[in-house]
Structures are given as C-alpha cells and as structure tokens.
Amino acid sequence: MAERQALLAREYDALRPRMVRVAYAILGSRVEAEDVVADCWTRLVEADAREPVRDLTGWLTVAVARAATDVLRSARVRREEYVGPWLPEPFVAADPADPADRVTLDETVGYALLVVLESLSPAERTAFVLHDVFAMGFPEVATVVGRTPAAVRQLASRARAHLAAHAPRFEVDRSAHEEVLGRFLAAAAGGDLAALVATLDPDVVLTSDGGGVVSSARRPVLGADRAARFLSGLVTKYVAAEAEVDLVLANGLPAIAVRQEGVLTSLVLLTVVGERVRRIDIVRAPAKLVAADPRRG
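Here's a quick rundown of the structure.

Quick word on helix H8 (residues 149-166)
- Under the 1.5 Å per step criterion, the end-to-end length of H8 is 26 Å for 18 residues, consistent within 8% with the ideal 26 Å.
- Those residues of H8 that sit buried are Val152, Leu155, Ala156, Ala159 and Leu163. The arc that holds every buried residue of H8, seen down its axis, measures 95°, which confines them to one face. Among the exposed residues of H8, those pointing more than 90 degrees away from its buried face are Ala150 and Ala165.
- Turning to H8, the residues buried within the fold contact helix H5 (111-117), helix H6 (122-133) and helix H7 (138-145).

Printed below as a string of structure tokens:
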C-alpha cells in the first residue's frame, strides 16, 4: 500500500503543473486552481484504494476539470457581486529562467483570452477549454460537464463563435509585444501624452480591478485619449510615491509590475494587436497580487 501511494505521489507531482493549468484556464484564478488540484489528490488516493487507477492523466484531468467547473459555478455569484470590474488573476513566473517555469508559462492561456472567457457560461467555458485548449475528446468532456457529447460539441461551437466576435484578433508575437511595450513605457514615464496616445488603439479599453479594497476605475475607460489621461494620472501618483517599476512574465508575455515599499501594488497587462495596444488590464486587488508576485515567499 505504501509503495503504491508513493508511486501515485510521484506521478501526481509530475502531472500537477498541467492540472493547475487546466483548472486555471477554467477558473481564471491561480489560487483557486491550486486548491482544486490539491483537493483532487485526496480523491485520487481514495479512488485508487477502491480500484487501481490505470490512466492517471485521464482520471486527474476529468476530476480536476469537474471540480474546477463546480467552483466556477459558485464563484460566478461572488463575481457578479464584485465591486467594480473583475479581472482574472495573472499567472506570473516565479523564475522565468527556470525551464520548468518557462514551459508552464508557454502553455498557460493568454490573459486576453482569459478576460473574454469570463463572458461564457461555465459549461461553455469548460467545453472550450478542455476541447480546444487541452485537446480532450467530446465524450470525455461530456463526463465533466454532465451533458451528451453532441450537446458538448454545441457548447464548444457557441464558445468559439463568441470568442471570434469578442477576442482580440491577430495578437502579435513576443518580440513585437516587447517593442510596443517599450514605446508605451517610454511615453508614460516621459509624460508625453501625444506619444502615449500614439501607442494606443483608438478603441482601446482600460480596465482596473481593485476588488473594492484599493482605488481603481469602477468602469472601463474607453478610447485612446481618455485611457492615456488616466494612465498619466497614475504615473504622477507612482512618481510621488517613489514606486519601483520592473517587468515580469505574466501568462507568457512581459507585463509591468509596480511596487511601493517593496510590495506589489499594481500589475499592468497589455494586449497588443498590430502595432498598438488594444487592451490595458490593471490588476490592483491585493488578494490577486499576493499570488502573482514573483518575489513572494
């Protein structure tokens, strides 16, 4: 029994990063994703004691996805009562130089996609994530969602149609993202409003999530001019507070981390389409930043 559990533990540890990614894509919260995966260890041990689990990857994927979907359904109520916009919790590399962390980030759902996934129903989101992102067959997805394979196929189709209509198109590669990010930072830090506006798409959307705990915009800021003026105001505050600014890898792309007295207070994530910024998401909610801070622990 002890040998079998030790073998399960080794295999579980090897699969854990992928399982966290599955749960994170469904939930949009790294903390909740890690909790779900941890809970599934106990379920795995109990299930294996009843009958040995032969396909550990398949068993864990279904168990984690089902548990994450249940958590998402209950979380939807809390998110609807959230003060101001709710943004997903960024997935930030603790050590970008670590090959394991690099793979984890490369296989993590992009932040812009996560934002749009929030507009799907839990069943649509789970069907899309499992089938389109993690290549799970519709029969297996059906066991997670509690629908027939045909119904799940329709859920994924509706999700794809919604994402095609609302997700940013033609996002750039990392090098182009870094080039636009550099121009954005230079304009913002230099107080050049015209140059900052030039880095933004005319229809840019700026969203700030303070969780009702710290100051943030209660509604999205729309348009390049308004977004640039909002950002200029933030920069003025950061300069006055002698804030420290550096770059981190969030969901596989560089993002702007702002710290005050060593504490991460804002994480700014850009979605770049073409040569301009299409979305600006500013995560300020302290609970989300605790897990996102690569200097934590």
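A look at the packing of aromatic side chains
- Applying the stated criterion to the full structure yields 2 aromatic pairs.
- Their ring planes at 50° and their centres at 5.1 Å tell us that Tyr12 and Trp41 sit as a pair that is tilted. Within this pair, whereas Tyr12 is found in helix H1 (residues 2-27), its partner Trp41 is found in helix H2 (residues 30-50), the two being separated by 29 residues in sequence.
- Judged by centre distance (5.1 Å) and plane angle (70°), the ring pair of Tyr24 and Phe91 falls under edge-to-face.

A look at the pairing of strand S4 (residues 253-260)
- Buried residues dominate S4, accounting for 6 of its 8 residues.
- Bridging between strand S3 (residues 244-250) and S4 involves 7 bridges; their strand directions are antiparallel. Residue pairing across strands places Val245 opposite Val258, the latter belonging to S4.
- Between S3 and S4, which pair antiparallel and follow one another directly, the connecting turn spans 2 residues, one of which, Asn251, has a positive phi of 50°.
- Relative to strand S5 (residues 263-273), S4 is paired through 5 bridges, and the arrangement is antiparallel. Paired with Val258 across the two strands is Ser266, which belongs to S5.
- Taking the residues that link successive antiparallel strands as the turn, the S4-S5 hairpin has 2 residues, and the phi of Glu261 there is positive, at about 55°.

What counts and how
- Numbers given to residues run from 1 along each chain, matching the order in which its sequence is written.
- For a predicted model such as this one, the threshold for reporting local features is a pLDDT of at least 70, and the threshold for listing and counting side-chain atom pairs is 80 or more; totals across whole chains, interfaces and linings nevertheless cover every residue.
- Note: side-chain values were computed over all heavy atoms of the structure, leaving out hydrogens and water.
- The helix and strand labels rest on DSSP assignments: H or I over at least four residues marks a helix, E over at least two residues marks a strand, and numbering proceeds from the N terminus.
- An expected span of 1.5 Å times one less than the residue number is assigned to each helix.
- Only protein chains enter the area calculation, which uses a 1.4 Å probe; residues under 20% of their type maximum are buried, those over 50% are exposed, and those in between are partly exposed.
- In this description, one arc is meant: the one made by directions from the helix axis to the C-beta atoms.
- The contact criterion used is simple: two residues touch if any of their non-hydrogen atoms lie within 4.5 Å.
- In this scheme Phe, Tyr and Trp rings, the latter by its six-membered ring, pair at centre separations within 6.5 Å, and the angle between planes marks the pair as stacked below 30 degrees, edge-to-face above 60, and tilted otherwise.
- A pair of strands counts as paired when DSSP detects no fewer than two bridges linking them.

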